[in-house]
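Tertiary structure, described
This is what each chain is made of:
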Amino acid sequence: MRPRLFATLLVLLTVPPGVRSEESPEFFFQTWESEHGLPQNHSTAIVQTRDGYLWLGTYNGLVRFDGVRFVVFSKVGTPGLSSSRVTCLWEGTDGSLWLGHDGGELTRYRSGTFEAVALGPNWPGGQIADLGEDAAHDLWLLHQSGLAYRVRDGHTERPEVPTAGPTVISLARDAGGTLWRVHHGRLRPLGATDGPSVAPASAQDDFAFRACGARDGGLWVTGSRWLRRWSREGRLLRQSIPPWAGESVTAMLEGDDGTLWVGTLGRGLYVMSDDGRVQHFSRTNGLPHDWVRSLGRDREGTVWVGTGGGLSAARLRRVTMVQPPDQWQGRAVLAVTEASDGSMWIGTEGGGLYRLQDGAWTRFDEAQGLSNRFVWSVTEDRRQRLWAGTWGGGLFRWQQGRFVIPGTLTQERTPVCALLAGSDGSLWVGTQMGLLRLTDQGVERLAEHWLRADVRAVAEAADGTVWFGMSGGGLGRWRDGVLSQFREADGLPSDYVWSLLAEPDGTLWVGTFGGGLCRWRGGRFATIGTPEGLPNNVICHIVDDGRGQLWFGSYGGILRASKEDLHRCADGRTRTVSFFAYGKADGLATRECSGGLQPSGCHRRDGRLWFPTSKGLAVVDPTNLRTNLLPPPVVIEEVLVDGVAARPVAASLGQRPAILPGAAARLVVPPGHQRFEFRFTALSFKAPERVRFRYRLGGLENDWVDGGTQRFAQYSFLAPGDYTFRVIACNNDGIWNETGATLALTVQPYFWQTWPFRLAVGLTAAALVAGLVRGLTRRRYRRRIEQLARQRAVEKERARIAQDIHDDLGASLTRITMLSQSARSECSASDPAAADLDQIYETARELTRAMDEIVWAVNPHHDTLDSLMSYLGGFAQDFLSAAGVRCRLDVPLRLPALPVRAEVRHNLFLAFKEAVHNVVRHAGATEVHVCFHHQSFDCRLTLRDNGRGFTPHSAEVAPVAETRPARPASGNGLTNMHQRLEEIGGQCTIDSMPGQGTRVTFSFSLANGPARPADLS
């Protein structure tokens, strides 16, 4: 968009800009042309429909406008549109938009569809000059000949005999719904009506050009040389000579505030107030063209002007741009201050110094002693002396009609960036080489230890503390003769400080270049930047309007925010601050304010705020704040699925997304689509570029997404399911439409993504798993059965072997024993064979005992824990009793019938037997304690004696217990015990000390794997 700014009706040389803005609010025009999207610059008709869109008629198509984007509907590519040449528009009470065409065709647009309307035989054909709806909601067409045609029944009303004068044809509708026809100077109502007939006399001077309805139900009627105001009852209320006398009137309407807007054929636009004031706009002061073709008004009160040069919106100016006659010589304005006599002094970038006093402009340059035209700062001290700081000429003082350099400053030619009048009468001077303090005694240099400190802003607090901001050096403080410096490491958001404001309570506001706004309070910094809602992070000037608002000059326009909101955000009580930004839509010539110099703004005694910009001087009146309280209608315009717009039909979805009609629109998307783009808009035309959006896709997102001013939202790879897209928006003043617009979205799945398919797949998978598990289980059971069968066969074979050994070998050994005993009894003691027979007898007895042990070990009937412990206990008692050693057994009376593998029984018995033999042969003990304990499958068998003990062979000194006992220096008994326990996955532990007996512990497990002695108690 390219705004066109106009100059005020009265020249600023004679009327002060501030006074002018108070007496009459000024308008400026924002214009759109074909380069912005219009099909052509001529707008023949302007209508805002109830959904909020602005519709424009052109000879090159119908145009829909949302304040940002133009959408053009032409005959080519738009089904149902009769013609692209649109001459007039009207919205009916049923919401239909009616289009009259240059060729006599009539088109109706309703619910997104165009429809050609057939006209009866009474319609003569030819251009539809105008159309409108009467009080009975009947649509009338006005033919170019003046004939009126009622669409409902084809009824026609022919015009009266034309009077002498130009051909002027139009319709007007008053507030009561009566439709009036203007034709050849005559004004008559159409159709049945109870209203009065306003019929001007037929004299040439009473020739009517145009009429429009008034707010109270009456009519405005204008002729070539007169303007009349008629009441609802037909009384003439007012008559005057119009300022456009002698010029043809082409369009006419009454604004929301009662002003009358009149467009002419060649003189532009006239705006007449109730008090008789007139503002005239033409191509010389804002309008793009002097031919006004159409006028329209939207619900926010903005008047739209269709001219031969484009579409223009008449904006009520919130910001007044002040310009001298020479337009600042095309230079930027840098600094502004108010003198004690009320005059305004303005410094420029190469244009010299300007003074505005009593409406008169004066410019100062070399002729008045100002040797440098680059005036970077200007201020008046407490003694009412004016000072001007320049780029390369030093500091000048206004004295006796000329600018002079005081003697104490003749050597100070450093660029002066900032000036501040001190409360004690001194002058603080910020230069590119440091901070100076100018008094009657001379110049005091500060901050010299900060090399080349570029001071851009200076502020004095109520307690006398002087703060100064540096470009790259952060923030400086001079208090009680002590200098301090604060930089980013101390909490500043940026080391480039451009503006300062010290408040009476000790709060310091710091404006930075690139770091946003910062507050110093209580010894700490708090930053408010773009994440907190600040529109722009370059703060050029800060001023308090005395009404609870802080104003900021920035690179993003003039900003305003509540001090209370700023403090709450700085204290962490809120996350964001609501800022209002004044930009081009409010009258600013440019959004970029001047900064980095002081004073880069001024708060005049009359309350107005002045901000220098690169394109002039902007003035804002804080007492004249108008808030747009109308929340904008929100519309979801279209949805693109994989780059293709969803079609608004529901007959056959096929493979193309479609919007189902109904109270709540629903978009149904077939499977296989990946990218979704929702395009939406909000229909506020006050400042459409400042409309902000939030959106959320329910089913995917729980929190709102801040879309800013972006009018679309994109999503990718949505899973099949139901979603709800919702978007809300706020207008330029932050008034939100919380209802917004909603669209239901259904992403259809492929058949393999549906719940029945997934359920079937799940059941099939479960059945397969169940079958597999059942098969594996049966196989495992079958293998177990086979294993048990083999085991039973083995046990049966073991039982047979044990029986055979017992029966055959046992019987033979018993026979040997008996024969040896019989033979021994027959021998004398001195017989040499007696000793051999005794040895045969003992050997047979030992073999019988060994055979019994083997039979016990082989017999599967003893493969239980109870049998094992019974056998071990019996063996210990028999063996120890024969050796005269007392045996104490500590074995549970009832042991579980746990299975014990044959190899476990065999190895454990042999190890236990070795331990018992060692007690008898080596310990010299009188008592042995055998203890058994088990926990689940983990077992522990302990044999403890009270014998002499011994020192196991170990590298350790006198160990009390060892997990890996050392083996004795001689003999294999201990080694055998360790090996046998290791073979069954167990562990043998021997604890012994000389004179303290010996304890042997066998730890083993009845399950597979080694025992865990630590688990036993």
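As the structure is a computational prediction, the values presented were derived from the model and not from experiment. (Residues numbered from 1 in each chain as written. Predicted model: local features only at pLDDT ≥ 70, side-chain atom pairs only at ≥ 80, totals over all residues. Heavy atoms only, no water.)

This part covers the overall build of the protein chain. Across its full length, the protein chain holds seven helices and 71 strands. The burial tally for the protein chain puts 51% of its 1017 residues in the buried class. When contacts within the protein chain are restricted to residue pairs at least 6 apart in sequence, long-range pairs at least 24 apart make up 53% of them. On the protein chain, roughly 46,500 Å² of surface is accessible, and the fraction owed to carbon and sulfur atoms is 50%. (Helix = DSSP H or I, 4+ residues; strand = E, 2+ residues; numbered from the N terminus. Buried < 20%, exposed > 50% of the residue type's maximum accessible area, 1.4 Å probe, protein only. Contact = heavy atoms within 4.5 Å. Areas by Shrake-Rupley, 256 points an atom, 1.4 Å probe, with all protein chains shown as cover.)

What follows deals with unusual backbone geometry. With an omega of 5°, the peptide bond between Gln598 and Pro599 qualifies as cis. Inspection of the secondary structure assignment puts Pro599 in the loop between strand S53 (580-582) and strand S54 (602-603). Look at Ser111: it is not a glycine, yet its phi comes out positive at around 55°. A positive phi angle, near 55°, is found at Asp358, a position not held by glycine. Residue position: Asp358 is located in the loop between strand S32 (353-357) and strand S33 (360-364).

This brings us to the sheet that holds strand S5 (residues 61-65). The sheet built from four strands is open, its strands ordered S3-S4-S5-S6 with antiparallel pairing. With partners counted over all chains shown, the strands left at the sheet margins are strand S3 (45-48) and strand S6 (70-73), one partner each. On average, each strand axis in the sheet is inclined to that of its neighbour by 20°, with strand direction left out of account. (Pairing = 2+ DSSP bridges. Axes fitted to C-alpha atoms, helices over the stretch in contact; angles between N-to-C directions.)

Moving on to the confidence of the model for the protein chain. Counting all residues, the mean pLDDT for the protein chain is 84, and 86% of those residues have values of 70 or more. Taken element by element, the predicted model of the protein chain shows its lowest mean pLDDT in strand S1 (residues 2-4) (33) and its highest in strand S4 (residues 54-58) (97). Low confidence marks residues 1-25, where pLDDT is under 50. Its contacts with residues over four positions away, or in another chain, come to 71 contacts. Predicted confidence is poor over residues 649-655, with pLDDT under 50, and the contacts of this stretch with residues over four places away or in other chains come to 14 contacts. (pLDDT = per-residue confidence, 0-100.)

Our next topic: the packing of helix H6 (residues 902-923) against helix H7 (residues 973-983). With their axes 9 Å apart at the nearest point, H6 and H7 run at an angle of 160° to one another. The angle between the axes of H6 and H7 places the two elements in the roughly antiparallel class. By crossing handedness, the relation of H6 to H7 is classed as left-handed. Each of Asn907, Leu910, Ala911, Glu914, Ala915 and Asn918 in H6 lies in contact with H7, whose residues at this interface are Gly973, Leu974, Met977, Arg980, Leu981 and Glu983. Taken together, the residues that form the contact of H6 with H7 break down as six nonpolar, three polar and three charged. (Parallel < 35°, antiparallel > 145°, perpendicular 65-115°, else oblique. Left-handed = near helix turned anticlockwise from the far one by under 90°. Nonpolar A, V, L, I, M, F, W, Y, C, P; charged D, E, K, R; others polar.)

With respect to the helices, strands and loops of the structure, Thr222 is situated in strand S19 (residues 219-223). Excluding anything up to four places from it in sequence, Thr222 contacts Ala208, Phe209, Arg210, Leu227, Trp244, Val249 and Met252.

Before going further, it helps to examine the pattern of salt bridges. Within this structure, the stated rule accounts for 45 salt bridges. Between Asp454 and Arg456 there is a salt bridge whose closest N-O contact spans 3.0 Å. In this structure Asp454 comes out as buried when scored by relative accessible area, which is 14%. Overlapping salt bridges, with partners in common, bring together Arg64, Asp66, Arg69, Glu637 and Arg711 in one network. (Salt bridge = Lys/Arg side-chain N within 4 Å of Asp/Glu carboxyl O.)

A word on the nonpolar core. If you look at the biggest cluster of nonpolar residues, it comprises 39 residues, and the most contacted ones within it are Leu865, Phe912, Leu941, Phe1002 and Phe1004. At the level of secondary structure, the elements contributing two or more residues to this core comprise helix H5 (865-882), H6, strand S68 (927-935), strand S69 (938-945), H7, strand S70 (987-992) and strand S71 (998-1005). At nine residues, H6 tops the list of elements feeding residues into this core. Ignoring any residue separated from it by four or fewer positions in sequence, one finds Leu941 in contact with Met869, Leu872, Phe912, Val930, Cys931, Phe932, Val1000, Thr1001, Phe1002 and Phe1004. (Core = buried A, V, L, I, M, F, W, Y, C linked by side-chain atoms within 4.5 Å.)

We now examine the packing of H5 against H6. Following both chains from N to C, one finds H5 and H6 inclined at 20°, their axes separated by 11 Å at the closest point. For the element pair H5 / H6, the angle class is roughly parallel. Here H5 runs over H6; the crossing is right-handed. Between H5 and H6, the contacting residues are Leu868, Tyr871, Leu872, Phe875, Ala876, Phe879 and Leu880 on the first element and Arg905, Leu908, Phe909, Phe912, Lys913, Val916, His917 and Val920 on the second. Classifying every residue of the contact of H5 with H6 gives 12 nonpolar, one polar and two charged.

Moving on, we get to the sheet that holds strand S9 (residues 106-110). One open sheet holds the four strands; their spatial order is S7-S8-S9-S10, and the pairing between them is antiparallel. Each edge of the open sheet is held by one strand with a lone partner, namely strand S7 (86-91) and strand S10 (113-117). Sheet twist, expressed as the average angle between the axes of neighbouring strands with direction ignored, equals 25°. Pairing of S9 with S10, which is carried by five bridges, proceeds in the antiparallel orientation. Bridge pairing links Thr107 to Ala116 in S10.

Moving on to a positive patch on the surface. Taken together, the side chains of Arg774, Arg778, Arg779, Arg782, Arg783 and Arg790 make up a positively charged region of the molecular surface. Residue placement: Arg782 occurs in helix H3 (residues 755-825). (Patch = residues over 30% accessible without salt bridge, like charges linked within 9 Å, V, L, I, M, F, W, Y side chains within 5 Å. Lys, Arg positive; Asp, Glu negative; His and termini not counted. Charge placed at Lys NZ, Arg CZ, Asp CG, Glu CD.)

The next thing to look at is the packing of aromatic side chains. Overall, the coordinates contain 52 aromatic pairs when judged by the stated rule. Look at Phe65 and Phe70: their rings are 4.1 Å apart centre to centre, the planes differ by 5°, and that puts the pair in the stacked class. This pair shows no difference in class: Phe65 is buried, exactly as Phe70 is. Here the aromatic rings of Tyr695 and Phe725 are separated by 6.1 Å at their centres, their planes lie at 35°, and the arrangement is tilted. Taken together, the positions of Tyr695 in strand S62 (residues 692-698) and Phe725 in strand S65 (residues 721-730) put the pair 30 residues apart, joining distant regions of the chain. (Phe/Tyr/Trp six-rings, centres within 6.5 Å; stacked < 30°, edge-to-face > 60°.)

We now examine the pairing of strand S42 (residues 455-460). Across the six residues of S42, five count as buried, placing the element largely inside the fold. The pairing of S42 with strand S43 (residues 466-470) spans five bridges and is antiparallel. Counterpart to Ala459 in the pairing with S43 is Trp467. Remark: five residues form the turn of the hairpin made by S42 and S43, two consecutive strands paired antiparallel; Gly464 in that turn has positive phi of roughly 95°.

This brings us to helix H2 (residues 563-570). Turning to H2, its buried residues number three or more, namely Lys563, Leu566, His567, Cys569 and Ala570. On an axial view of H2, the arc spanned by its buried residues comes to 165°, and they lie on one face. By the N-cap criterion, in which a side-chain oxygen at the helix start approaches the backbone nitrogen of a residue two or three places on, H2 is capped by Ser562, the distance to Glu564 being 3.3 Å. Looking at the residues trailing H2, positive phi occurs at Gly572, about 85°. (Arc of directions from axis to C-beta. Polar contact = N/O pair within 3.5 Å; in protein donor to acceptor, adjacent residues only side chain to side chain.)

This part is about the pairing of S71. Counted residue by residue, S71 has seven buried out of eight residues, so it is predominantly covered. Pairing of S69 with S71 involves eight bridges; the strand directions are antiparallel. Within S71, the residue paired with Leu943 across the bridge is Val1000. Of the strand pairs in this sheet, S70 and S71 are connected by six bridges, and their pairing is antiparallel. Within the sheet, the bridge partner assigned to Gln987 lies in S71 and is Ser1003. Adjacent in sequence and paired antiparallel, S70 and S71 are bridged by five residues, among which Gly995 carries a positive phi angle near 85°.

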